[in-house]
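Remarks on the overall topology
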Amino acid sequence: MAAAAASSLLPLSSPAVMNVNHQTSHLGSFFHSSTTSNLPNFSPRSFHIRCQSTSTDEVKTKRNLLDNASNLLTNLLSGGSLGSMPIAEGAVTDLFDRPLFFSLYDWFLEHGAVYKLAFGPKAFVVVSDPIVARHILRENAFSFDKGVLADILEPIMGKGLIPADLDTWKLRRRVIAPGFHALYLEAMVRIFSSCSERTIFKFEKLLERENLQGEKTIELDLEAEFSSLALDIIGLGVFNYDFGSITKESPVIKAVYGTLFEAEHRSTFYIPYWKIPFMRWVVPRQRKFQNDLKVINDCLDGLIRNAKETRQETDVEKLQQRDYSNLKDASLLRFLVDMRGADVDDHQLRDDLMTMLIAGHETTAAVLTWAVFLLAQSPSKMKKAQKEIDLVLGQDEPTFESIKKLEYIRLIVVEALRLYPQPPLLIRRSLKSDTLPGGYNGDKNGYAIPPGTDIFISVYNLHRSPYFWDRPNEFEPERFLVEKKNEEVEAWDGFDPSRSPGALYPNEIISDFAFLPFGGGPRKCVGDQFALMESTVALAMLLQKFDVELKGSPESVELVTGATIHTKNGMWCKLRKRSHVH
């Protein structure tokens, strides 16, 4: 459940692309652009860039002029606002050539753990260090808010957990977090397996049809299939509604993706014209957005009304001890409605559900996509994963208990999240004056920042930092089993798997904030275990039945970035029925 997935929206981009027909949700294009993927082994500067325009001398001249003008404005308007902090003058043309997080990585290696990035009059502080990230996310969490992110998402998610003001967030977090308890997650694993089985059945039927034609493989866009799977799981697990998007397309599904597309559109404009009252009726896309919202809200209102009509109010402790194996409706909505003392108006409940619906399936689709992408390039790791699945599951579906034994599959999921963090950036804005730590090799006195400073915590840089990871660009799931300490970094406690006993998945505690797939501190995503287990079940069930290979070369898979890192044209793969399933 990736509430953090929406945390990388910012209105500084060219218009984004979203394939609604494939049902691939590309929420919030952040500096949207594309590049050829050449992972897992790469240097960001070595990426071959594919641009739609021809790189002529005339274009280069115009771009140099644009960059020079931007840097002149930088020096005039923002040069002294952040004191002695290193400055990376932005080449604005990088916005057109490739996803910004590649450039942020290059500048990180050049300028250090904390630097100021300035594009003309606008300056940002870029953080690529666990010590500084810990300061912002945990030690001083309530000295920062989500800034422009809340403005973009508020019309869609209202006062849901992601865009909520601090007071609302504190109230709703106390109510929602207990809903993700152990028995609920155990019940969810059955839903994960059931929905994944639908996907497997669909693939098997397609393969049977191809076999009649003499073909032994099928070609599918697995990113699109994973997106449909994740949407069905969110519907059933969060508010007991079956979208059935694996096999059909309903008006509600179309409205969901239309709403995602509008969130993306709004992240690409400096001027929020949609806030002008009459624009929602004059501009056709805004009229469509209002209609899409109505379709989803009517659906959610009906589900909320039905849940309240069958309410069985009780204490939270008793709710967490329910017999979920015999509960007809095990959804999070049922938990929220039945919780004594947590009465809330329907509008707030709808905001909560909308937030989880919009953000909750994005990370799962992305992590499954990149996990398969990485495995397809490493046949030995694919075989090792399938051997574990055969040993633990045989031909059975995963259960809550068997997930605990699927250690290698769980490590693959988190390693995919390390290499392809969802989101690649977290956005914060300082509410008051503060002094950020200098971080590794930074100013020992730290860096003073004024109120209103916009901050990018580059999760991508953290996850690939050569100072905190060995072979940071390599796909090595086993790395999470090994203790690591960098003696040169005084304030970092290193990576220690024993630091979070009982944790099924590595987290920010184990890594002392060098690994932040779901954020960290008080505003960490509440549904991280939901999303991780969902990904583990879906990946295990796919590899249990099929061998998977990329249709083309890894270099043919082009990246685009929004709230997550996803593909430009899908991830097309060849699936073949495994010849020896034990």
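Bear in mind that the values here come from a model prediction, so they are computed numbers and not experimental data. (Residues numbered from 1 in each chain as written. Predicted model: local features only at pLDDT ≥ 70, side-chain atom pairs only at ≥ 80, totals over all residues. Heavy atoms only, no water.)

Some remarks on the overall build of the protein chain
Quick note on the threshold: Comment: elements are numbered from the N terminus, with helices defined as DSSP H or I runs of at least four residues and strands as E runs of at least two. Any residue under 20% of the maximum accessible area for its type is buried, any over 50% is exposed, and the rest in between are partly exposed; the area is computed with a 1.4 Å probe on protein chains only. What makes two residues a contact is simply this: any of their non-hydrogen atoms within 4.5 Å. Residue exposure ignores everything except the shown protein chains as possible cover, and the areas themselves are Shrake-Rupley values with a 1.4 Å probe.
Helices and strands together make up the secondary structure of the protein chain, namely 20 helices and 14 strands. Counting all 582 residues of the protein chain, 62% fall into the buried class. Considering only contacts within the protein chain whose residues lie at least 6 apart along the sequence, 76% involve residues at least 24 apart. About 22900 Å² of surface is accessible on the protein chain, with carbon and sulfur atoms providing 51% of the total.

Some words on a nonpolar patch on the surface
How we decide: In this analysis, a patch consists of residues with relative accessible area above 30% that form no salt bridge, clustered at 9 Å for like charges and at 5 Å for the nonpolar side chains Val, Leu, Ile, Met, Phe, Trp and Tyr. For salt bridges, the criterion is a side-chain nitrogen of Lys or Arg within 4 Å of an Asp or Glu carboxyl oxygen.
Residues Ile276, Phe278 and Val282 make up a contiguous nonpolar surface patch of roughly 270 Å² in combined accessible area. Along the chain, Val282 falls in helix 10 (residues 279–282).

So, the packing of helix 18 (residues 407–419) against helix 20 (residues 528–545)
The condition is simple: Axis definition: a line fitted to C-alpha atoms, limited for helices to the stretch in contact. Angles are taken between N-to-C directions and run from 0 to 180 degrees. By definition, any crossing whose near helix is turned counterclockwise from its far helix by less than a right angle is left-handed, and any crossing with a clockwise turn is right-handed. Any residue that is not Ala, Val, Leu, Ile, Met, Phe, Trp, Tyr, Cys, Pro, Asp, Glu, Lys or Arg is counted as polar, Gly included; the first ten are nonpolar and the last four charged.
With their axes 9 Å apart at the nearest point, helix 18 and helix 20 run at an angle of 115° to one another. Of the two elements, helix 18 crosses helix 20, and the hand of that crossing is right-handed. The residues of helix 20 that touch helix 18, namely those facing Ile409, Arg410, Ile412, Val413, Val414 and Leu417, are Leu532, Ser535, Thr536, Leu539 and Ala540. The class makeup of the residues in the contact of helix 18 with helix 20 is eight nonpolar, two polar and one charged.

A word on the UniProt feature "binding site: heme" (unreviewed entry) in the protein chain
Formally: UniProt positions are given in the numbering used here, feature names are shortened, and annotations may be inferred rather than shown by experiment.
Residues given the UniProt feature "binding site: heme" (unreviewed entry) here are Cys525. Structurally, Cys525 is set in the loop between helix 19 (459–463) and helix 20.

Considerations on the pairing of strand 6 (residues 217–221)
Counted only if it meets this: Pairing between strands is defined by DSSP: at least two bridges between the two strands are required.
Taking burial as the measure, the five residues of strand 6 include four buried ones, the bulk of the element. With five bridges connecting them, strand 6 and strand 14 (residues 572–577) associate as antiparallel partners. Across the sheet, residue Glu219 finds its bridge partner in strand 14, namely Lys574.

Regarding the environment of Ile412
Relative to the elements of secondary structure, Ile412 occurs in helix 18. Residue Ile412 is classed as buried on the basis of its relative accessible area, which comes to 0%.

Brief notes about the environment of Ile162
Along the chain, Ile162 turns up in the loop between helix 5 (148–157) and helix 6 (166–176). Remark: the alpha-carbon pair of Ile162 and Thr355, spanning 193 residues in sequence, is separated by 7.1 Å.

A look at the pairing of strand 7 (residues 425–430)
Within strand 7, five of the six residues are buried, which leaves it mostly tucked inside the rest of the structure. Across two bridges, strand 5 (residues 144–145) lies against strand 7 in antiparallel orientation. In the sheet register, Asp145 faces strand 7, and the bridge partner there is Arg429. Bridge count for strand 7 against strand 10 (residues 454–458) is five bridges, and the pairing is antiparallel. Its bridge partner lying in strand 10, Ile427 is registered against Phe456.

Side note on helix 15 (residues 362–376)
Note on helix geometry: an α-helix contains 3.6 residues per turn, so any two residues three or four positions apart are oriented the same way. To keep it simple, the criterion reads: A helix is expected to reach a length of 1.5 Å times the quantity of its residues less one.
Compared with the 21 Å implied by 1.5 Å per residue over 15 residues, the 22 Å span of helix 15 between its first and last C-alpha is a close match. Within helix 15, 15 of the 15 residues are buried, which leaves the element mostly enclosed by the surrounding structure.

With respect to the packing of aromatic side chains
Rules: Between 30 and 60 degrees the pair is tilted, below 30 it is stacked and above 60 it is edge-to-face, where a pair is any two Phe, Tyr or Trp rings, Trp via its six-membered ring, whose centres lie within 6.5 Å. Cation placement over rings: the criterion is NZ of Lys or CZ of Arg within 6 Å of the ring centroid and within 35° of the ring normal.
If you walk through the whole model with that rule in mind, you get 27 aromatic pairs. Between Tyr184 and Phe530 the ring centres are 6.4 Å apart and the planes differ by 25°, which places this aromatic pair in the stacked class. Separated by 346 residues along the polypeptide, Tyr184 in helix 7 (residues 182–212) and Phe530 in helix 20 bring together distant segments of the chain. A residue is classified by how much of its surface remains accessible, and Phe530, at 0% relative accessible area, is buried. Summarising the aromatic geometry, the rings of Trp469 and Phe480 are spaced 6.0 Å apart at their centres and angled 70° between planes, so their arrangement reads as edge-to-face. Of this pair, Trp469 sits in the loop between helix 19 and helix 20 while Phe480 sits in the loop between helix 19 and helix 20, and the two are eleven residues apart along the sequence. Phe480 matches Trp469 in its accessibility class, with the two residues each being buried. These aromatic residues form a ring-pair network of at least three members: Phe101, Phe102, Tyr105, Phe108, Tyr440, Tyr460, Tyr467, Phe468 and Trp492. Sitting over the face of the ring of Tyr408, Lys384 holds its NZ or CZ atom 4.4 Å from the ring centroid.

Remarks on the nonpolar core
For the record, the criterion: We define the nonpolar core as a collection of buried residues of types Ala, Val, Leu, Ile, Met, Phe, Trp, Tyr and Cys that are connected through side-chain atoms lying within 4.5 Å of one another. Residue ranges for the domains originate in an automatic or database domain assignment.
In terms of nonpolar packing, the biggest core is built from 147 residues, with Leu222, Leu539, Val548 and Leu575 touching the most fellow members. When residues of this core are assigned to domains, at least three fall in each of domain 1 (65–157 + 422–491) and domain 2 (172–419 + 520–577). Apart from the residues lying within four places of it in its own chain, the contact partners of Leu539 are Leu368, Ala371, Val372, Leu375, Ile409, Ile412 and Val413. In this structure, Ala133, Leu426, Ile455 and Val459 belong to the second largest nonpolar core, which totals 20 residues.

Concerning the sheet that holds strand 6
The strand order across the open sheet built from three strands is 6-14-11, with neighbouring strands paired in antiparallel fashion. In this open sheet, the two edge strands, each paired with only one partner strand, are strand 6 and strand 11 (546–550). In this sheet, neighbouring strand axes are inclined to one another by 30° on average, regardless of whether the strands run parallel or antiparallel. Across five bridges, the pairing between strand 11 and strand 14 is antiparallel. Bridge pairing links Phe546 to Lys577 in strand 14.

As for helix 11 (residues 284–309)
The end-to-end C-alpha distance of helix 11 is 37 Å, a good match for the 38 Å that 26 residues give at a rise of 1.5 Å each. Where helix 11 is concerned, the buried positions are Gln286, Phe289, Gln290, Asp292, Leu293, Ile296, Asn297, Cys299, Leu300, Leu303, Ile304 and Ala307.

Considering the pattern of salt bridges
Where charged atoms from two side chains of opposite charge come close, those side chains can pair. This structure, assessed with the given rule, holds 32 salt bridges. Asp329 serves as the salt-bridge partner of Arg334, at 3.5 Å between the closest nitrogen and oxygen. Judged on exposure class, the residue Arg334 and its partner Asp329 are both buried. Ionic pairing is found between Glu508 and Lys524, a salt bridge with its closest N-O pair at 2.9 Å. Taken together, the positions of Glu508 in the loop between helix 19 and helix 20 and Lys524 in the loop between helix 19 and helix 20 put the pair 16 residues apart, joining distant regions of the chain. If you follow the salt bridges from partner to partner, you end up with Glu415, Arg418, Arg471, Glu476 and Arg479 in one network.

Structural notes on unusual backbone geometry
In this model, Gln422 is joined to Pro423 through a cis peptide bond whose omega is 10°. Secondary-structure assignment places Pro423 in the loop between helix 18 and strand 7. Positive phi outside glycine occurs at Phe513, with the angle close to 70°. With respect to the secondary-structure elements, Phe513 resides in the loop between helix 19 and helix 20.

Details of the side chain of Lys484
Heads up, the condition is: Throughout this description, a polar contact denotes any pair of N or O atoms lying within 3.5 Å of each other; where both atoms belong to protein, one of them has to be capable of donating a hydrogen while the other can accept it, and for residues adjacent in sequence the pair is counted only when both atoms sit in side chains.
Note on placement: Lys484 falls in the loop between helix 19 and helix 20. Polar side-chain contacts of Lys484 include one of 3.2 Å to the side chain of Asp470. Not counting the four nearest positions on each side in its chain, Lys484 is found in contact with Phe468, Trp469, Asp470, Trp492, Gly494 and Phe495.

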